[in-house]
Amino acid sequence: MFYNLGKTRMEDVSKIYGLPTFYGSYSKTKIPTIDRKGYQFNGWYYNGKKVTNVGKGTKYNKMDLELVAKWEPYKYNISFSKAIKGVKTKKIKGTMKTTKKVEYDTAISLPKCTYTREGYKFIGWTTSNTGNTVEFLDEQRVSNLSEDGKTIKLYALWEEIK
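Residues numbered from 1 in each chain as written. Predicted model: local features only at pLDDT ≥ 70, side-chain atom pairs only at ≥ 80, totals over all residues. Heavy atoms only, no water.

Caption draft 1: The side chain of serine 146, seen in detail. Secondary-structure assignment places serine 146 in the loop between strand S14 (141-142) and strand S15 (152-160). Here serine 146 falls in the buried class, since its relative accessible area comes to 6%. (Helix = DSSP H or I, 4+ residues; strand = E, 2+ residues; numbered from the N terminus. Buried < 20%, exposed > 50% of the residue type's maximum accessible area, 1.4 Å probe, protein only.)

Okay, here's the thing in structure tokens:
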């Protein structure tokens, strides 16, 4: 039996993913699930049909069986906050819409920051509400900000104009 993980055909995946590789005659066996960063595993398929068991007593009792993993990329949202924790946001003007349904492994440009703060200039975004290190610049191309489909929040960082 062979497993096709959607990118590379591997004959001995048991060493890499711990998947059972069968030789000779084998009894009915439930096929294991696997993980891939940023993707939902949607099962194993043979000739376009989902397969959950192989071996004797199933219609999938072939030695040359190649199972193909079906993956769906997680989709995540990016929301924006006016500032990190401890910064008074009442004097920060503007709004920013949440960027919705960004697919894992797809690059996008962050929207231009539309927040304004008197006496300060916007210098970038951080993922920590207590952070002070710029992780992303305005309108930077980004990808894979969330691996599990959850919303990621970016916090505006400001530098005082002197």
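Caption draft 2: Seen up close, the sheet that holds strand S8 (residues 75-81). If you trace the four strands from one edge of the open sheet to the other, you get S10-S8-S15-S13, paired in mixed fashion. The open sheet has two free edges, formed respectively by strand S10 (99-103) and strand S13 (120-126), since each of these has just one partner strand. In this sheet, neighbouring strand axes are inclined to one another by 30 degrees on average, regardless of whether the strands run parallel or antiparallel. Relative to S15, S8 is paired through four bridges, and the arrangement is parallel. Directly across from serine 79, in S15, lies its bridge partner lysine 153. (Pairing = 2+ DSSP bridges. Axes fitted to C-alpha atoms, helices over the stretch in contact; angles between N-to-C directions.)

Caption draft 3: Layout of the packing of aromatic side chains. According to the stated counting rule, one finds seven aromatic pairs in the structure shown. On the numbers, 5.8 Å between centres and 80 degrees between planes, the contact of tyrosine 39 with tyrosine 104 is edge-to-face. Of the two residues, tyrosine 39 is situated in strand S4 (residues 39-46) and tyrosine 104 in the loop between S10 and strand S11 (108-109); the sequence distance between them amounts to 65 residues. No difference in accessibility class separates tyrosine 39 from tyrosine 104, as the two residues are buried. Aromatic side chains tyrosine 115 and tryptophan 125 sit 6.4 Å apart centroid to centroid with 65 degrees between the ring planes, which places their arrangement in the edge-to-face category. Here tyrosine 115, found in the loop between S11 and strand S12 (116-117), pairs with tryptophan 125, found in strand S13; they are 10 residues apart in sequence, far enough to count as distant. Among the aromatic residues, those joined into a cluster by ring pairs are Phe80, Tyr115, Phe122, Trp125 and Trp158. The ring of tyrosine 39 has arginine 36 sitting right over it, with the charged end atom 4.0 Å from the ring centre. (Phe/Tyr/Trp six-rings, centres within 6.5 Å; stacked < 30°, edge-to-face > 60°. Lys NZ or Arg CZ within 6 Å of the ring centre and 35° of its normal.)

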